Amino acid sequence: MCCRVFLVLIGAVCICHQVNASGDVYVAELMIESNITIEFPTIQSVLDSITDVQVTNSEGRSHTVTLTNSDLVAECQFTSDMPSCGCADGYTWTNHICETFECCGPTICQTDVLQSVPFCIPKEKVNIKGSAEFIQGTWIAEKTERLNSVFSTLNGFEYINVTSESDTSIEFEVLLSVKFETPYFNDLMIALEANVEAAILINTAGTISMESPETAVCYLSSPVLKCTIEGPTEKVVWNMITEFSSFELNTGSVVKLEQSFSAENDTSCASVTLQDVTGIWEGTYQCSFTSGLVTQAAQTTLLVALLPDEITLRIDPLSVDCTLSPDSVPVDVAVSILNSKASYEVWWSYMDVPMSNLFNQSDGDLLVYAFTVPVSCKKTTDPKTVSVTFQNTKGQQKSEHVSIPVVYADSIFCNDDVEYGEFWPKASDGDTVVNKSCPVGRVGFKSRTCDGTAWGLVFSQCITIELDKVSDAADSFLKGLGATQEVALVIFEGLRSSSTSDSDSVDATADISASIDVLNVMARASELVVLQEDVLDDMVGAASNMLNKSWDYVNDSTIQTMSSNYLVSLEDLVKNIRINKSNGINSQNVDLKFCSSRHCNMSLFGISVNLQKTTGILKAVAVRNLMDKLRNNFANRLPVDLLISATLAGNKDSSIGIRMDFPRDNRSNKPLCVFWDTTNEEWSGAGCVVRPSHDGFMGCECNHLTSFSILMAKSDISNDSLDIITNVGLAVSICSLVAFLVIEWLVWSAVVKSNLSYFRHTALVNIAVFLLLADSSFLASSSPESLSDNWCLALTVSKHLFFLAMFSWMLCLSVMLVHQLIFVFTPLRKRVFMFLSSVIGYVCPILMVGSSYVYCKYTNRPYYNSKTCWLVFKRLLDGSIHAFLLPVGSITLTNLFSIVVVIVTLVRTSDGSKSEDKETAKSILKVVVFLTPVFGLTWLIGFGLLLLDEDSTLFIIANYSFTIFNSFQGLLILLTGCFAEPKVRDELFKIIRRKSRRKGDSSANSTSTTNTAVK
């Protein structure tokens, strides 16, 4: 514009420049001295001709910057020493000018504002929407005037409109052209509440600076959204808004929230990072800052270069039958994804070779791509795979594939079968057939694996639609989408509702598995989002309902995994949920209680819990009907019906001790206090001991907190008397075996006169040596807890090897005996016997032990149990113990057969007279007595123990008999192998008499010499 000339001709025009130089913003003031009228276009043309400007920053450093743009901000006219200034079009007074000089809105300011730079700023549209709930009385026109008078004092005020009015409230909207200062505006609203006697809430838009990606972001990228506002704030909330719903964002596995306040710049900043975004994260994002009565918000839209989050492939038929030798079999493939506006390039591939592009057909909420694959019947080592690839506008790709089971003409296969009303086509050994059709009202899939020629169990993942929705909601909650207390309540309510179904089928087990997964997801989410005690009722109810149902239709391994996940999830939820006033929740299978006092004494399902602490809340939950589902790694013990989990929240005690008294059941044999080791998913007794308790209870004390229970011995297998018998028997056996070997060394040359005696004594010596080594190893490992892992492994290998070697030489002895009885006129040659015996007695045990150890090592299965320093038993034909039981059982049965052959031979040689019958009976008795120890037949009692009722008297008798005979086996070998054999006994007595005679002669000679000297 122009400047007038008065007395002293000084014109002033303020030009605002924004210059990018090291991030600084420069405001330049142009002073023009002239006594003629100057138009602004003339000034701007001069400025446009200027490219570089020298500026000096706050540190005194000079920079050359480029002038990018200029604009007329204000025009001032001097009529005296005091200027008269006004803001140009599109600009208005700053809040500072408005508050200091009361120059607000489109007014001319008759004061010296030139010292405040800038004093005019660009207009910004600020929308204010508010509501007033009347505290008392009704709304009257006078209150509308008060409302108008308050808002009209704001800088940049444009208008106010009352948009809705009732007897109890009104709604209004205000338009400003300047961002207000939050603290000042909040104080103004508090005063307004008192003035109009109403509760006021304010929501604004246009006061927040928001940064976001300007174009669509890549699939699985991690975009950042950032909001900045002037002044401090009390609360920041992020929401994601889609076409049909709105979700509050909270920290989760995808959402990462950050908030900060800079006192230097007097600004508050909030940002959200979305990690690995998928299609569900496309939408409108809103950040809201709340301070007092005022909430200020800003929105932006985030676009994602979409790819299908889930691609479903269905094939028909489910497997290809090539047994009739066709060249190929056509397989129809249907690919479905959720309907989307995104544009994809889609093609399919066979055996990783791209074939042709696909085009979709709409099917309700789905897009379906269909094609036919000619599957070749030519046998290959690689599976017959079909894949479908989707490519988005940014060139990103996502593929899904399916392996088509093929039955070749020479395949081992399972025939067609119908199970639970489902048809399962012919499939090759090892192939898994996947059926992605479920009963009405369920979604998911079913699978079944062919093992040899027999089908395995049907594995169902078909869950109810309602449970599927709950599962999706829990997954979103974990990600941070809708992660609020209200949504958590809905999730647990839905979980409880879906868990009340009383159906008993393979699909019901799938529901239980999915429900446990929901518990696990919410437990993980509770680490990130604080859950309040309101969720406890539905959570405990759902957890209890899961234990009312049958967990059948899956194998033991799956049940053990499910039960472990259930226990860990329940324990984590109880630990993380914040408790305020609740005393606990009780249900049929879950009893939950809390204690905030220093001395805690509570009872859950009859389990008495005692704990002393200084601070914090004790959270204890007892569970029934779960113990029989958890893996029991103590083979000789049975679980009780109850377990209890205890955790402490807000406690800093350096040590904690807890006492629990479990109700005693009718299996009162040797209780063992254990806790659930979540790392190894097994029971452990570390840190827990059994304590005496009053009648009807079993006491446990532990020095840590987790899930505890009691394991009862199946019988009094290991009591004090048996331990004493074992230790004494082993000591006697070791001494007896040493004596036996010494005697054999003394009499060897005298008794080994024939091949038969050589064979027998060689076998007996080897049996004695290996039994001596095995008994010594057994004694050395009698206290496993004091041994290192290396020593425990070494002793386990030693016992395994020495016992197998002992039984192998027993087998050699029995086979030799039978051979001599049957082939009387064909004697066994010495060289042949020694060669075969060496292979059987030395090589075979080493191969069996070595192969079993290597197998366990390379299949990641445990070879030994560090708690017993012995081989592992899991279940029938599962565990390294079978590398001992199977050969020992086979050898023992063979030796039993040998004794039967000997007895039958003795009976046949009898002529039938009474005297001969008596001699035969005596011979049979001698055979049984003499051969039983050296043939290891007493070990048959151990196999019999597995078949007897553990509570019966016969089991106790057999248990004691097994312990006595086998711990004293060395003594029995000494008696039957030395003293009961005439040749050995006679030669031993000769040696003793010879030594006695020598001593006598030596004594006589000494006496004679003495007498002669006296004469």
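Just above sits the structure.
Throughout what follows, the structure given in this document is the object of discussion. (Residues numbered from 1 in each chain as written. Predicted model: local features only at pLDDT ≥ 70, side-chain atom pairs only at ≥ 80, totals over all residues. Heavy atoms only, no water.)

Below, the discussion takes up the side chain of D677. The topology assignment puts D677 in strand β48 (residues 671-677). For D677, a relative accessible area of 17% puts it in the buried group. A distance of 3.1 Å separates the side chain of D677 from the backbone nitrogen of T679, its partner in a polar contact. Apart from the residues lying within four places of it in its own chain, the contact partners of D677 are E682 and S684. (Helix = DSSP H or I, 4+ residues; strand = E, 2+ residues; numbered from the N terminus. Buried < 20%, exposed > 50% of the residue type's maximum accessible area, 1.4 Å probe, protein only. Polar contact = N/O pair within 3.5 Å; in protein donor to acceptor, adjacent residues only side chain to side chain. Contact = heavy atoms within 4.5 Å.)

This part is about the state of the cysteines. Under the criterion given, the structure shown has 11 disulfides. One disulfide bridge connects C322 with C377, the sulfur atoms lying 2.0 Å from each other. Measuring handedness by torsion sign, the sulfur bridge of C322 and C377 sits at about -75° and is left-handed. One end of the pair, C322, is in the loop between β22 (320-321) and β23 (328-338); the other, C377, is in the loop between β27 (366-376) and β28 (384-391), and 55 residues separate them in sequence. Since its relative accessible area comes to 3%, C322 is described here as buried. Sulfur-sulfur distance for the disulfide between C688 and C702 comes to 2.1 Å. Taking the sign of the S-S torsion, about 115° here, the bridge from C688 to C702 comes out right-handed. Taken together, the residues C688 in strand β50 (residues 688-691) and C702 in strand β51 (residues 697-702) connect sequence positions 14 residues apart. The pair formed by C688 and C702 is uniform in burial state, with each residue classed as buried. Sulfur of C844: no disulfide; nearest cysteine sulfur belongs to C812 and is 8.7 Å away. (Disulfide = S-S within 2.5 Å.)

A few words now on a nonpolar patch on the surface. Taken together, F835, L836, V839, Y842, V843 and L847 make up a surface patch of nonpolar side chains, about 550 Å² in accessible area. Considering the arrangement of structural elements, one finds Y842 in helix α13 (residues 830-858). For Y842, a relative accessible area of 35% translates into the label partly exposed. (Patch = residues over 30% accessible without salt bridge, like charges linked within 9 Å, V, L, I, M, F, W, Y side chains within 5 Å. Areas by Shrake-Rupley, 256 points an atom, 1.4 Å probe, with all protein chains shown as cover. Salt bridge = Lys/Arg side-chain N within 4 Å of Asp/Glu carboxyl O.)

On to the sheet that holds β51, then. Spatial ordering of the open sheet is given by β43-β44-β47-β51-β50, a layout of 5 strands whose pairing is antiparallel. Two strands close off the open sheet at either side, each with one partner strand: β43 (599-604) and β50. The mean inter-strand angle of the sheet, taken between neighbouring strand axes irrespective of direction, is 20°. Bridge analysis of β43 against strand β44 (residues 607-612) gives 6 bridges, and the strand direction is antiparallel. Looking across to β44, one finds that L604 is bridged to I607. (Pairing = 2+ DSSP bridges. Axes fitted to C-alpha atoms, helices over the stretch in contact; angles between N-to-C directions.)

Together, K990, R993, R994, K995 and R997 give the surface a local cluster of positive charge. Position of R994 relative to the elements: it lies in helix α19 (residues 982-1014). (Lys, Arg positive; Asp, Glu negative; His and termini not counted. Charge placed at Lys NZ, Arg CZ, Asp CG, Glu CD.)

Our focus in this paragraph is the packing of helix α8 (residues 536-546) against helix α9 (residues 556-576). Two elements in contact, α8 and α9, have axes whose closest approach is 12 Å; the angle formed by their N-to-C orientations is 165°. Judged by the inter-axis angle, α8 sits roughly antiparallel to α9. Where α8 crosses over α9, the two elements pack in a sense that is left-handed. On the side of α8, the interface is formed by M539, A543, S544 and M546, while α9 contributes Y566, L570, L573 and V574. Looking at the contact of α8 with α9 residue by residue, the classes come out as 7 nonpolar, 1 polar and no charged. (Parallel < 35°, antiparallel > 145°, perpendicular 65-115°, else oblique. Left-handed = near helix turned anticlockwise from the far one by under 90°. Nonpolar A, V, L, I, M, F, W, Y, C, P; charged D, E, K, R; others polar.)

Once their charged atoms are close, side chains differing in charge can pair, the charge on each being opposite to the other. A complete count under the given rule lists 17 salt bridges for this structure. R659 is the salt-bridge partner of E701, the closest N and O atoms lying 3.4 Å from each other. One end of the pair, E701, is in strand β51; the other, R659, is in strand β47 (residues 658-663), and 42 residues separate them in sequence. By relative accessible area, E701 is classed as partly exposed at 30%. Three or more residues joined by partner-sharing salt bridges are found here, namely R659, D661, R691 and E701.

Attention now moves to the nonpolar core. Counting residues in each nonpolar core, the largest one holds 62 residues, and the members touching the most others are W281 and F390. Filtering out sequence-adjacent residues up to four positions away, F390 remains in contact with L307, P308, I311, V335, I337, Y344, E345, V346, Y369, Q396, Q397 and K398. Of all hydrophobic cores here, the second largest spans 56 residues; its members include A514, M522, I585 and L643. (Core = buried A, V, L, I, M, F, W, Y, C linked by side-chain atoms within 4.5 Å.)

Here we come to the packing of aromatic side chains. Across all of its chains, the model carries 19 aromatic pairs by this definition. Between W424 and W455, the ring centres sit 6.4 Å apart and the planes meet at 50°, which makes this aromatic pair tilted. Residue W424 is found in strand β33 (residues 422-424), and its partner W455 is found in strand β38 (residues 454-455); the two are separated by 31 residues along the sequence. Grouping residues by exposure puts W424 and W455 together as buried. Residues F803 and F884 carry aromatic rings whose centres are separated by 6.3 Å and whose planes lie at 70° to one another, so their mutual orientation is edge-to-face. Highlighted residues: F803 in helix α12 (residues 789-822) and F884 in helix α14 (residues 882-908), separated in sequence by 81 residues. By way of ring pairs, the aromatic residues F151, F172, F180 and F185 are connected into one cluster. When the ring centre of F605 is taken as reference, the NZ or CZ atom of R624 above it lies at 3.9 Å. When the ring centre of Y758 is taken as reference, the NZ or CZ atom of K830 above it lies at 4.0 Å. (Phe/Tyr/Trp six-rings, centres within 6.5 Å; stacked < 30°, edge-to-face > 60°. Lys NZ or Arg CZ within 6 Å of the ring centre and 35° of its normal.)

Glancing now at the environment of G441. Topologically, G441 is positioned in the loop between β35 (432-435) and β36 (442-443). Taking the C-alpha atoms as reference points, G441 and T464, separated by 23 residues in sequence, lie 5.8 Å from one another. If near-sequence neighbours (up to four positions away) are discounted, G441 is found in contact with I463, T464 and I465.

To continue, consider the pairing of strand β24 (residues 345-350). The buried fraction of β24 is high, at 5 of 6 residues. Relative to β28, β24 runs antiparallel, the two being bridged by 6 bridges. By the bridge assignment, V346 is partnered in β28 with F390. Pairing of β24 with strand β25 (residues 353-357) involves 4 bridges; the strand directions are antiparallel. If you follow W347 over to β25, its bridge partner there is N357.

Let's shift gears to helix α17 (residues 953-967). With 15 residues, α17 extends 21 Å from end C-alpha to end C-alpha; this agrees with the ideal 21 Å at 1.5 Å per step. Listing the buried residues of α17 in full gives F955, A958, N959, T963, N966 and S967. Along α17, the residues classed as buried sweep out an arc of 140° about the axis, all on the same side. α17 presents T953 and L954 as exposed residues on the side facing more than 90 degrees away from its buried surface. (Expected span 1.5 Å × (residues − 1). Arc of directions from axis to C-beta.)

A few words now on the environment of W424. In this structure W424 comes out as buried when scored by relative accessible area, which is 0%. As a C-alpha pair, W424 and S447 span 23 residues in sequence and 9.3 Å in three-dimensional space. Not counting residues within four places of it along the chain, the set of residues in contact with W424 comprises N415, D416, D417, E419, V433, N435, K446, S447, R448, W455 and V458.

Right, let's get into helix α5 (residues 465-479). Since the α-helix packs 3.6 residues into each turn, any two residues three or four apart lie on the same face. Its 15 residues give α5 an end-to-end C-alpha distance of 21 Å, which sits within 8% of 21 Å, the value for a rise of 1.5 Å per residue. In the core, the buried residues of α5 are packed alongside β40 (463-464), α6 (485-498) and α7 (506-525). The positive-phi residue at the C-terminal boundary of α5 is G480, with phi of around 110°.

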